[in-house]
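# Inside the fold
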Amino acid sequence: MIRLEKRPQPSRGWSYVTPVLAVLVTMVAGGALFAVLGKDPVLAIRTIFYDPLFGEFAWYFRGQLLVKAGPLILIAIGLSLGFRAGIWNIGAEGQYIIGAICGAAVGLALYPMEARWLVFPLMILAGVLGGLGWAMIPAILKTRFNTNEILVSLLLVYVAEQILASMALGLLRNPEGSGFPGSRNLSQYEAAANHELIAGTGMHWGVVAAFIAVIFAYVLLNRHMLGFQIRLTGQSPRAARFAGVRPNRLVLFCLGTAGALAGLAGMFEVSGPSGQITIDFNSGYGFTAIIVAFLGRLHPVGILLAGLLLALTYIGGEAAQSNLGLPAAAIQAFQGMLLFFLLAVDMLTNYRIRIGKSEVA
């Protein structure tokens, strides 16, 4: 018989192996899914993972890799701090949307002012405060009334989506857009545009912010007392209380930081790659960042690598849709499989698989 035997201590080796194993199993299961849909599984996997990096148009896709990875890394870094402390913010998508709305609103309010030194920093500040303010709703309800932050943060995503639709059709609608929904194109408004810093690389200020967030998160978790408190609370809440950790302050910090970074990602996206507020501006980055955080083992460097990998599935998935006719839902299912298999094989970190008869006490 096959049975699971709990390890005395979690295996450090398996904790590094399981993300790679999850990716490989996802490729196999995804290939089976594509085969059921009548597509060549080998060609589909190659289109998703190989062609964007080494194919005919790799020069273009490599630039897009950073464009897609930037917001994923930025949001996932914020989420990982809370996840490490056992604080489950599932509403980063809503914080991302509100940050984009607030940042775009400031830029559009100052249109056509050409003082970039003033407009763009104010948009950044508005994006941070927008995401922070939206994250404070579940944080305050958690600390004051002990509500479940998972439900509150998740339900606020749907509220944010309705606000987004209202803004695209109302207050932020382009007055010169002939009545069509959507704001002005901020990428054409020089003072508010988040252009590439180096042409053809995909490197814009959002990507720079993501790399800075990785460095700060690493220093915080490994060299700062607050990082120790976050790790201790996640590992042993009771020991954290005896050590003098104030859980309410930790909730406010973790949710606030995650909201601020998600709002910042939304602002950089609306002023750069997306360019405008539209009804369908939300692209699921907030939810995909959860996969990135866990695939990266909640470690800043791991999140950086996982963000690049998930960005690759976005780019390769779009290529597979256009070249092979794969439906978008199949690509989304493929990305969901990655988290599913990561959680499944993660048990190998804490359990051994034993084959044979169990010993009788």
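Each remark here, short or long, concerns the structure printed above.
Owing to the predicted nature of the structure, the values given are computational and were not obtained by experimental measurement.

Conventions used here
- Residues numbered from 1 in each chain as written.
- Predicted model: local features only at pLDDT ≥ 70, side-chain atom pairs only at ≥ 80, totals over all residues.
- Heavy atoms only, no water.
- Helix = DSSP H or I, 4+ residues; strand = E, 2+ residues; numbered from the N terminus.
- Expected span 1.5 Å × (residues − 1).
- Buried < 20%, exposed > 50% of the residue type's maximum accessible area, 1.4 Å probe, protein only.
- 1 Å grid on protein atoms, 1.4 Å probe; cavity = no way out; pocket = protein on both sides within 12 Å on 5 of 7 lines; lining within 4 Å.
- Points joined across faces, edges and corners; volume = space filled by probe spheres on them.
- Nonpolar A, V, L, I, M, F, W, Y, C, P; charged D, E, K, R; others polar.
- Core = buried A, V, L, I, M, F, W, Y, C linked by side-chain atoms within 4.5 Å.
- Arc of directions from axis to C-beta.
- Contact = heavy atoms within 4.5 Å.
- Polar contact = N/O pair within 3.5 Å; in protein donor to acceptor, adjacent residues only side chain to side chain.

### Overview of helix α11 (residues 247-270)
Taking 1.5 Å of rise per residue, 24 residues should cover 34 Å, and α11 covers 34 Å from first to last C-alpha, within 8% of that figure. Within α11, 19 of the 24 residues are buried, which leaves the element mostly enclosed by the surrounding structure.

### Notes on empty space enclosed by the protein
For the structure on display, the rule yields two cavities of 30 Å³ or more. Considered as a void within the structure, the largest cavity measures approximately 40 Å³ in volume. Counting residues per element, the ones that place at least two in the lining of the largest cavity are α4 (58-84), α8 (205-223) and α11. Within the lining of the largest cavity, the residues separate by chemical class into five nonpolar, three polar and one charged. As a volume, the second largest cavity reaches approximately 40 Å³. In this structure, the second largest cavity is lined by Leu66, Ala69, Gly70, Ile73, Val207, Ala210, Phe211 and Leu304. Sorting elements by how many residues they give to the lining of the second largest cavity places α4 first, with four residues. Tallied by class, the residues present in the lining of the second largest cavity amount to seven nonpolar, one polar and no charged.

### Some points on the nonpolar core
Formed by 85 residues in total, the largest nonpolar core has its most connected members in Ile75 and Ile277. Counting 14 residues, the second-largest nonpolar core is a separate cluster that includes Leu81, Leu221, Leu232 and Cys254.

### What about α8?
Between its first and last C-alpha, α8 extends 26 Å over 19 residues, near the 27 Å set by a 1.5 Å rise per residue. Buried residues of α8: Gly206, Val207, Ala209, Ala210, Ala213, Val214, Ala217, Leu220 and Leu221, and no others. One side of α8 holds all its buried residues, which, seen down the axis, span an arc of 150 degrees. With respect to the buried face of α8, the exposed residues turned more than 90 degrees away are Ile215, Phe216 and Arg223. Where α8 is buried, its residues touch α4, α9 (225-235), α11 and α13 (300-324).

### A few points about the environment of Leu118
Topologically, Leu118 is positioned in helix α6 (residues 116-145). The spatial distance from the C-alpha of Leu118 to the C-alpha of Ala192 is 9.4 Å, given a sequence separation of 74 residues.

### What about the side chain of Arg7?
In this fold, Arg7 is placed in the loop between β1 (2-6) and α1 (12-36). A distance of 3.5 Å separates a polar atom in the side chain of Arg7 from the backbone oxygen of Thr349. When sequence neighbours within four positions are dropped, the list of residues in contact with Arg7 reads Trp14, Leu348, Thr349, Asn350, Tyr351 and Arg352.

### Describing the layout of surface pockets
Roughly 1,300 Å³ of volume is contained in the largest pocket. In this structure, the largest pocket is lined by 34 residues; those nearest its centre are Ser15, Arg84, Arg297, Leu298 and His299. The set of elements that each furnish at least two residues to the lining of the largest pocket consists of α1, α4, α8, α9, α12 (285-295), α13, α14 (328-345) and α15 (347-350). Its boundaries defined by the atoms lining it, the second largest pocket holds a volume of some 350 Å³. As for the second largest pocket, its lining consists of 17 residues, and the residues nearest its centre are Ser283, Tyr314, Ile331, Gln332 and Gln335. Looking at the lining of the second largest pocket, the elements with two or more residues in it are α12, α13 and α14. Of the residues that constitute the lining of the second largest pocket, the class distribution is six nonpolar, nine polar and two charged.

Keep in mind these values describe shape, not function.
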